[in-house]
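Examining the three-dimensional arrangement
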Amino acid sequence: MPPLRLTEQQITSWLRAFHFTPNPDELTSIKQSLEYHEDRFLRSSHDIDTAEDPVVGTHGLTGCCGLITGKKRQNQKTLRELKRAQSSAKASANALRSLLSPIRRLPPELLSEIFVHCLPEDTFIRPSPSQVPLLLTGVCSYWRNICVTTPDLWASLDLRTLVPYYDRNEQHTHTNEIVKLWITRSGDCPLSLCVPGEMLMIDAISDTMRNTCRRWNKILLDIPDTSLSLPPGVSFPMLEKLEIHTSEGVATPLLDDLAQALLSAPKLTGLIWDNAKRNAAPLQLDWSKLTHLTLNADITMQHCLAVLSTATKMTHLSLSEIVTPSHVPFQSEITLQELESFVVNSKTDITPIFNALTTPNLRKLVLNLETWPHSSAIAFLRRSRSPLQSLNFYFPPLTEAELIECLQVAQETLKEFTVQGGGGEPPVTDIILDRLTDTGVGDVLCPKVEIIALYDCVACSDGRFARMAQSRLWLLNDSGSSASPRRVERLKVVEMYDSEVEVLHLKPLRSFGLILKAYSEIDGSPIPLEPEDAERLTQLRAEGLVLHAYTPSTGFFGTV
């Protein structure tokens, strides 16, 4: 029986058919056609090889006086035809293999679930043809239909990528259509939306935001105009995380409307407010629901203590610009059992906070302070007995003895500490460096530290810093064993400004595995690592090493 070969028209129609699943007879035809085209491809390849080199030793002959003879022209014509046949056979075979692909036999419900797992990990998804979900809609009509009928694929949208197309003089038709299409396809799913100020000023987009507010889930808004307002009676029943940037400040009516609306957000657990024009207008919320709070806005000491006293579920808290009034009422003890990360940026004395607060599970502490209430800070650390792993001081006028005492309190669990000089006497000299040095005799300060970041705060003898670092590197002797008993964790990363003298002494330790992360003292930008250091850092991260970054202007502190 001759092969039941499929025509090119049949192959093409089956490829374009909506969810084509071959029956047994069709499956037999596909397999036989595939065998035919694979054999056709092999025969064409052999014929091409023969045509290109028919007889060894004759391919240099072109004819009389170098002219191309008729036979040579015929050979070239034949070669072109053979290559076309080879290309055709390859294309047909690939198309037939596609018809046999296992993914064509998956039910649409399973494909839909797979597509959702292909989404980027970003909270907000860019509308790009090179990224899911738009990327999947261009594969075939069947996949496109599954995509457009899977609401979860369209439940997130980042409008920041559309800002370059923004023009006040146009009708924004293209932008409006994208937003409308995306929201329509999302069905009734909770929405994650990132809307920059330029987009929020477009009436159609602003209306869409208002009309979908009951579906808001994770929202980032840049509010460029203090005259904006919320519609009366608005509520956010699905809202879990809200990030607001008010570049022009915020008017009191809008603040009151926002506070009232957020009171009707029963699922809200995360709030970030970055207010460029500072004022101490209080934001009245149900703080007891929040687990993550970043307030980069003025807040009075009295309001701050009120927030802390009710924020019993808080795990991550960042406060900036605490304003101290003339009188701070006495505050009874506040215990935040769940608090793991605490960031404070203040120009005024925060003694009332240290005196009131106890945080028994605190892991990360960032103190960006212009005054240093040492006695209350030490009392807070001793009272809390926190398993601190990251302790960071930015610009506080603390002495070396005070720094040593703080490190001593936390040293049993501390893995990382940072000191940013505040312009006074450098708090890191030979004394503290000697305490950190493992000499093999006596106690070593902070034996579990793996990351040390010191910026503009070191005044030590020549080579003293490098000596301390070298003592914590687990150097090996000629036999391959440790040169000394391992009494400390291996020092993995040192961070400094590139202009500091100690950097020169630390560079040779890179050959022993130390990663030296240098930053520009002018703008704080990182200096690129050497390729081997970058590879080593990647490996350390895979093994569990965690690096943090702090941005004083926003209060952000997190992993990088």
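Residues numbered from 1 in each chain as written. Predicted model: local features only at pLDDT ≥ 70, side-chain atom pairs only at ≥ 80, totals over all residues. Heavy atoms only, no water.

A closer look at the overall build of the chain
Check the secondary structure of the chain and you find 18 helices and 20 strands. Within the chain, the proportion of its 560 residues that are buried is 44%. Expressed as a percentage of contacts within the chain between residues at least 6 apart in sequence, the contacts between residues at least 24 apart total 64%. Roughly 28600 Å² of accessible area belongs to the chain as shown, and the carbon and sulfur atoms make up 53% of that amount. (Helix = DSSP H or I, 4+ residues; strand = E, 2+ residues; numbered from the N terminus. Buried < 20%, exposed > 50% of the residue type's maximum accessible area, 1.4 Å probe, protein only. Contact = heavy atoms within 4.5 Å. Areas by Shrake-Rupley, 256 points an atom, 1.4 Å probe, with all protein chains shown as cover.)

A look at the packing of aromatic side chains
Each aromatic ring pair is summarised here by two numbers: the centre-to-centre distance and the angle between the ring planes. Applying the stated criterion to the full structure yields nine aromatic pairs. Three or more aromatic residues link up through ring pairs in this structure, and these residues are Tyr394, Phe395 and Tyr550. A cation sits over an aromatic face here: Arg185 above Trp154, 4.6 Å from the ring centre. (Phe/Tyr/Trp six-rings, centres within 6.5 Å; stacked < 30°, edge-to-face > 60°. Lys NZ or Arg CZ within 6 Å of the ring centre and 35° of its normal.)

Digging into helix H14 (residues 400–410)
Residues of H14 that are buried: Glu400, Glu402, Leu403, Ile404, Cys406, Leu407 and Ala410. Lining the buried residues of H14 we find helix H13 (374–384), strand S14 (390–394), strand S15 (416–420) and helix H15 (430–436).

So, the side chain of His548
Examined against the element boundaries, His548 turns out to sit in strand S19 (residues 548–551). On the basis of relative accessibility, which here comes to 15%, the residue His548 falls in the buried class. Within the local environment of His548, its side chain forms a polar contact with the side chain of Glu416, the two groups lying 2.9 Å apart. (Polar contact = N/O pair within 3.5 Å; in protein donor to acceptor, adjacent residues only side chain to side chain.)

Remarks on the pattern of salt bridges
Under the definition given, this model contains 14 salt bridges. Note that Asp158 is salt-bridged to Arg160, the shortest N-O span being 2.9 Å. Exposure remark for Asp158: the relative accessible area of 5% places this residue in the buried category. We classify Arg160 as partly exposed; its relative accessible area is 43%. A salt bridge links Arg464 to Asp434; the nearest nitrogen and oxygen atoms lie 2.8 Å apart. Of this pair, Arg464 sits in helix H16 (residues 464–471) while Asp434 sits in helix H15, placing them 30 residues apart in sequence. Three or more residues joined by partner-sharing salt bridges are found here, namely Asp430, Asp434, Arg464 and Arg467. (Salt bridge = Lys/Arg side-chain N within 4 Å of Asp/Glu carboxyl O.)

Some thoughts on the packing of H13 against H14
Viewed as axis vectors pointing N to C, H13 and H14 meet at an angle of 10 degrees, and their least axial separation amounts to 10 Å. As judged from the angle between their axes, H13 and H14 are roughly parallel. Between H13 and H14, the residues in contact are His374, Ile378, Leu381 and Arg382 and Glu402, Glu405, Cys406 and Val409, respectively. Classifying every residue of the contact of H13 with H14 gives four nonpolar, one polar and three charged. (Axes fitted to C-alpha atoms, helices over the stretch in contact; angles between N-to-C directions. Parallel < 35°, antiparallel > 145°, perpendicular 65-115°, else oblique. Nonpolar A, V, L, I, M, F, W, Y, C, P; charged D, E, K, R; others polar.)

Focus: unusual backbone geometry
A cis geometry characterises the amide bond from Val132 onward to Pro133, with omega recorded as 15 degrees. Examined against the element boundaries, Pro133 turns out to sit in the loop between helix H4 (108–117) and helix H5 (134–137). Of note in this structure, Glu321 is not a glycine but carries a positive phi near 55 degrees. Among the structural elements, Glu321 can be located in the loop between strand S8 (316–320) and strand S9 (322–323).

Quick notes on the pairing of S8
Of all five residues making up S8, four are buried, and the element is well covered by its neighbours. In this sheet, S8 lies alongside strand S6 (residues 292–296) in parallel orientation, the contact comprising four bridges. Within S8, the residue paired with Leu295 across the bridge is Leu319. (Pairing = 2+ DSSP bridges.)

Comments concerning the environment of Ala466
For Ala466, the position within the fold is in helix H16. Look at Ala466 and you get buried, because its relative accessible area is 10%. Excluding residues that lie within four positions of it along the chain, Ala466 makes contacts with His505, Leu506 and Leu509.

As for the side chain of Asp438
Residue position: Asp438 is located in the loop between H15 and strand S16 (451–455). A distance of 3.1 Å separates a polar atom in the side chain of Asp438 from the backbone nitrogen of Gly440.

Some points on the packing of H4 against helix H6 (residues 141–148)
Any two packed helices are characterised by how steeply their axes cross, that is the angle between the axes, and by the distance between the axes. Close contact between H4 and H6 brings their axes to 10 Å; oriented N to C, the two are set at 70 degrees. Judged by the angle between their axes, H4 and H6 are roughly perpendicular. Touching Pro108, Leu111, Ser112 and Phe115 of H4 are Tyr142, Trp143, Ile146 and Cys147, all from H6. Here the residues of the contact of H4 with H6 sort into seven nonpolar, one polar and no charged.

Observations concerning the environment of Leu255
Mapped onto the elements, Leu255 comes out in helix H10 (residues 252–262). Judged by relative accessible area, which is 4%, Leu255 ranks as buried. For the pair Leu255 and Leu283, spaced 28 residues apart in sequence, the C-alpha separation works out to 7.0 Å.

Considering helix H9 (residues 203–211)
When H9 is considered as a whole, its buried residues turn out to be Ile205, Ser206 and Met209. Projected down its long axis, H9 shows its buried positions confined to an angular sector of 100 degrees, all on one face. Opposite its buried face, H9 presents the exposed residues Asp203 and Asn211, each directed more than 90 degrees away. (Arc of directions from axis to C-beta.)

Examining the nonpolar core
One recurring pattern in soluble globular proteins is that nonpolar side chains are buried together. Counting 121 residues, the largest nonpolar core has Phe342, Ile353 and Leu506 as the members making the most contacts within it. Counting residues per element, this core draws most heavily on H10, which supplies six residues. Look past the residues within four positions of Leu506 in its chain and what remains in contact with it is Phe465, Ala466, Ala469, Val494, Met496, Leu514 and Leu516. Judged by nonpolar contacts, the second largest core, of ten residues, contains Leu6, Trp14, Ile30 and Leu34. (Core = buried A, V, L, I, M, F, W, Y, C linked by side-chain atoms within 4.5 Å.)

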